[in-house]
Amino acid sequence: MSLTLKISTAILSIIVFALSLLVFLTYFKYESTLAQLVRSRFLVIASDIKNTVHRGLSLGVTLSELQGIQEVIEEAKNNHPHILSIKVFEFTSDDQAKTVYNTRLAGIGGNIPELWLRTMLISKKAEEWYLKGEEANVIGVPIVNNFGKHIGGIAIRYSQHYIHEQSVQMLNNLLRKLSLILTAVSLFVLVGSYLLFYPISKSFSRMSNLLESYINRGQIPSHNGMDELEESLINTLKKNSMLLKKLENLKHLMSLSSYQEK
Amino acid sequence: MTNFNLYMWNQRDLKYYSFIFTILVLVVSSIFLFLSSEKLLVMQLSPELEQKSIVVGQTLINPIKKAIVEGVNVDQLRGLEEHFSETLKDNKEIRYILLNTVDGRLVYSQGMSIEKIKFDILKHQNEVGKTSVEIDKYQNTKLPIEIEGKILGYIHLGIGLDIISSTMHDITYDALIVFFISLLVTFEILFFLLNYRINMPINWIKNALDNGKEGRFEYLHYIKSRDEIGHFADLYTRLIHNLDKIYCDVKNKFPIFEVTSDRLEDITKAKHEFENIQNELHITQKKSRKTKETYFIRTPLFLFVFAESLSISFLPIFSNILYTPIFGLPKDFVVALPIIFFMMVYTISQPFSGIWSNISSKKAIFLVGATLSTIGLFGAGFSHTILEFLSWRMLTALGYGMVLIACQAFIIDNTPVEKRTQGLAIYISGFYSASVCGSAIGAILADNVGYKSTFMISAVISILSGIFVATYIRDRELFEEQNKFFSWDSFKTIFKNKPFMSMLLCVSVPSKMMLSSVIYYITPIYLNAMGTRQSEIGRIIMIYGFIMLVLSPLIAKLADRLNKPVFFIAIGAILASSSIFPIIFIGGFWGLVFCITLLALGHSINATAQVAIVPIILRKEASVLGEAAVSSIYRFLEMQGFVFGPTITGLLIARYNYLYSLIIISSVSCVLTIFYLVGVLINKHSFNIQR
């Protein structure tokens, strides 16, 4: 691997690190903004149902006797494909609630999960509560009667799949942009590194050629137009050549002497 | 290239130009990516904004339709303004709602004035197809009021597009932090790479060639890179090998020649020649060249401290999440326990690691320390209870102490006494630069991927630092200077020095107390309680490290030039103590920001002066115990502030609130500073310290 490539790789690694972090930040920010928007959309639906329920309650009708609520929640579910279910529930005790209306008819009369109720109770915002799940999220609003008492709530369970799908799409788009930018940057970095490290690269290539030609052919060029290192190399080669000659002479003398003796 | 001085170019300019070039590319590519991301965000979020508008619009249309069906005319609807106004209140991103008749007459409107855009809205109303269009800074969505196939009017809702720009705004801050950190990382990596891959081998080659001119030839087989430099080193090694081979051949044959040859004159001549050659030719073959340049420890130190600093901004918040009652201790004190015990173990591990570093390899200590820390960080991420978390943090602290001592000892081992301050400056700047990067990036990570994953990332980076040391750092085989460490007698000797003790108790320990209380404990937990975003907490904590990183070296130079260390200590202590005022007079978020800024300013002024003054105040003691020993004792004593800080703060918060606790701690520090200054003024003679 040449010097240019090595330096380019290092510079590119730094740029990849920084740009990947930017992509990562944008992606997570997008995901959270989208989740927030989706949540607020379903909150509007829940609040709308709540208003309908409150209108009925204000007429003095009990929650379970309200008319048209089942149709309202079913219509809301049909209009919004990401909604998995809508439940209208009523407290039966302090820590229990049963479903009064449900888009899944089989679920009517069933108990509300304890976690939902706990979240609802500890929720600081009295107007809404929210639960994030692996597959689905739940957004809920309380139902308050004419005396200001919490008598139940409305919970919309909606798919996480939509947010996930949109986020993956965003990530893919971002990665596509990143790869385009990185391709352009790679070329630029390669050219830049080549120009930056050209003097070193060139000088060492020249010194290697000098060395090779000396090793193979015993040639030592003159000093003209060389830098400090190259000059040192030439002087070293001269010294090497001189010592080699001396050693060869000595070897010759020794072999000659032995030959004459024979 | 005529007379181009490669050696000089390489040493001076390459780092500079490479850095500028990388930054330039980084800036341009970041801007491009940022702008593309903004476009993508608009593109991806617009449909969701439209969906929201449609849902809100439907809730408005339904009662209107009902009223119209019952016979009320569109422009005679009552209570519509209130209805619109309530909707606007519940949906902050919607800026206006209006009802137009089919012929474009405005009947009702609520929210911001639409005077400027009313014609655009009307134009949109008359267009066929698009439900939403961008008008000025809003996304206008039109919804028809349709009864029995007849359109009677339109509801228009305008969502402010600033929801997207505010998203980008949030990202901008984080992106700036990422960019700033990339600068520091660029500096660290390029610094290492250019030194390790280019400067160092070129220096070795230059030495080899300079020696070669004199006949002292050296094999360069230890330069193993596969680039132009490595290729040259291979060829050079071949050259030496050829010479060595002939020389060895002659050398081996010479004794036989001496015995077998009868020609005395030849023997004499050859002997003379051979002696000449032996005098002129020296061939050396080193097994390896040691990487003992002090700056090479900076990169693993940076990685390690970076890994550890990732959790600084959320440590007490994470403790708070894991909190369960322990032995009836107050909650705020229990939450501070992981910090207290971390500091305690870290402080205690210092002298032991120091002693170990005298008898063992620094590399080994670093590797053991990094391994312990890595295990601790992994464990911390998987903790389910505060006690588990506490245990893992203690293990991390043990490793942390060992690694920091190993790095300091490596620098001391590899720098001559006269260059030690410069060597330690490499350590300090590496430490703070990593700390700044780590705390900010850690907060961003925690904000996005959660606390546990951030601990995992810390552990992985900690492993990287170990791999780096195992691969690149080689120890000295001999430890020439044995650092003397603690004995009770040395403590007793030092405790008798009044100027030292007054500085220690009134300035050094309170400084560390303030640092650990304010930065590591109160800031994260206080800002979190205020609802500040995690990445913002990280940015605020970063202020301290950033000021220290930038100002410390500059002030150190100034202090050296003015040669008045006591003056700098006093000024620094006054500034640090005055950090109480923003808390009292401004309070809240900005009060804390100014408090941290003042604290950092004060510490950057007096920290280096304190370290510099110790060997001077303790000159007599240093002559007996050694300079390294007195400095180590000072560091050990000063670090007790790290333990006391969160302990006292935890107990205070349990009784009072964050604000009062902070005021009490700052006041104590302020009073102690005044004591110190009074002491200096009264005993001018004994405090008259100059180098």
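The notes below deal with the structure included here. Every residue gets a number counted from 1 within its own chain, in the order that chain's sequence is written. Chain A is the first chain written and ligand 1 is the first ligand written, with later ones labelled in order. Owing to the predicted nature of the model, reporting of local features is limited to residues with pLDDT of at least 70; listing and counting of side-chain atom pairs is limited to 80 or more, with chain, interface and lining totals taken over all residues. No hydrogens and no water enter the side-chain calculation; it runs on all heavy atoms of the structure.

## Side note on the environment of Ser-64 of chain A
Residues and elements named next belong to chain A.
- Each helix corresponds to a stretch of at least 4 residues labelled H or I by DSSP, and each strand to a stretch of at least 2 residues labelled E; elements are numbered beginning at the N terminus. Topologically, Ser-64 is positioned in the loop between helix H1 (3-58) and helix H2 (69-79).
- Only protein chains enter the calculation, and the probe is 1.4 Å; a residue is then buried if its accessible area is under 20% of its type maximum, exposed if over 50%, and partly exposed in between. For Ser-64, a relative accessible area of 45% corresponds to the partly exposed category.
- For the pair Ser-64 and Ala-46, spaced 18 residues apart in sequence, the C-alpha separation works out to 18 Å.
- Setting aside its immediate chain neighbours within four residues, Ser-64 contacts Glu-90, Val-100 and Tyr-101. Residue contacts follow a heavy-atom distance rule, with two residues in contact if any of their heavy atoms lie within 4.5 Å.

## Quick notes on the sheet that holds strand S3 (residues 132-135) of chain B
All names here are of chain B.
- By this definition, two strands are paired if DSSP reports at least two bridges between them. With respect to topology, five strands assemble into an open sheet ordered S2-S1-S5-S4-S3, the strand pairing being antiparallel. Both edges of this open sheet fall to strand S2 (106-111) and S3, since each of them pairs with a single strand only. Pairwise comparison of adjacent strand axes, ignoring direction, gives a mean angle of 20 degrees for this sheet.
- By the bridge criterion, four bridges tie S3 to strand S4 (residues 138-147) in an arrangement that is antiparallel. Bridge assignment links Val-133 to a residue of S4, and that residue is Asn-140.
- Running at roughly 150 degrees to strand S1 (residues 94-101), helix H2 (residues 80-90) makes contact with S1, S2 and strand S5 (150-160) of the sheet.
- Contacting S1, S3, S4 and S5, helix H3 (residues 118-126) crosses the sheet at an angle of about 60 degrees to S1. To define axes, lines are fitted to C-alpha atoms, for helices over the stretch in contact only, and angles between the resulting N-to-C directions are given on a 0 to 180 degree scale.

## With respect to the state of the cysteines
All names here are of chain B.
- Cysteine sulfur atoms are paired as a disulfide whenever they fall within 2.5 Å. Evaluated as defined, the whole model comprises zero disulfides over all chains.
- For Cys-437, which is in no disulfide, the shortest distance to another cysteine sulfur is to Cys-407 and amounts to 16 Å.
- Judged by its relative accessible area of 0%, Cys-437 is buried.
- Just so you know, Cys-506 is unpaired, no disulfide at all, and the nearest cysteine sulfur is the one on Cys-670, 12 Å from it.
- Residue Cys-506 is classed as buried on the basis of its relative accessible area of 11%.

## A short note on the interface of chain B and chain A
- Residue-level contacts link 100 residues of chain B with 87 residues of chain A.
- By definition, the buried area sums, over both parts, the 1.4 Å-probe accessible area that each loses when the two are put together. Both faces combined, the contact of chain B with chain A buries some 8,600 Å², and carbon together with sulfur accounts for 75% of it.
- Within this document, salt bridges are pairs made up of a side-chain nitrogen of Lys or Arg and a carboxyl oxygen of Asp or Glu, the two lying within 4 Å of each other. Counting the contacts that link chain B with chain A gives two salt bridges.
- Two residues, Asp-227 of chain B and Lys-6 of chain A, come together in a salt bridge whose shortest N-O distance is 2.9 Å.
- Polar contact criterion, stated in full: a pair of N or O atoms within 3.5 Å, where within protein one must be able to donate a hydrogen and the other to accept it, and residues adjacent in sequence count only if both atoms are side-chain atoms. Put simply, chain B and chain A have ten residue pairs in polar contact (both at pLDDT 80 or more) between them.
- Of all the elements in the fold, those that place two or more residues in the side of chain B that touches chain A are helix H1 (6-69), helix H4 (162-213), helix H5 (228-260), helix H6 (264-280) and helix H12 (420-449) of chain B.

## Comments concerning the sheet that holds strand S4 (residues 136-144) of chain A
Residues and elements named next belong to chain A.
- Strand order in this open sheet of five strands is S2-S1-S5-S4-S3, and the pairing throughout is antiparallel. Each having just a single partner strand, strand S2 (96-102) and strand S3 (129-131) make up the two edges of the open sheet. On average, adjacent strands in this sheet sit at an angle of 25 degrees to one another, irrespective of strand direction.
- Sheet topology places strand S1 (residues 83-93) next to S2; six bridges connect them, and they run antiparallel. Paired with Phe-91 across the bridge in S2 is Ala-97.

## Structural notes on the pairing of S2 of chain B
Residue and element names in this part refer to chain B.
- Here S1 pairs with S2 via five bridges, running antiparallel. Following the sheet pairing, Tyr-96 is matched in S2 by Gly-111.
- Between S1 and S2, which pair antiparallel in sequence order, lie four residues; one of them, Gly-104, sits at a positive phi of approximately 95 degrees.

## Section: the nonpolar core
- Here the nonpolar core consists of buried residues drawn from Ala, Val, Leu, Ile, Met, Phe, Trp, Tyr and Cys, with membership extended through side-chain atoms lying within 4.5 Å. Leu-99, Ile-155 and Tyr-236 of chain B are the most contacted members of the largest nonpolar core, which totals 254 residues.
- Looking at this core, the element that brings in the most residues is H1 of chain A, giving 29 residues.
- Non-local contacts of Leu-99 of chain B, meaning those with residues more than four positions away in its chain, are made with Ile-64, Val-74, Leu-77, Leu-80, Phe-84, Arg-105, Leu-106, Val-107, Tyr-108, Ile-145, Tyr-154 and Ile-155 of chain B.
- Listed in part, the 32 residues of the second largest apolar core include Ile-569, Ala-609, Ile-617 and Tyr-676 of chain B.

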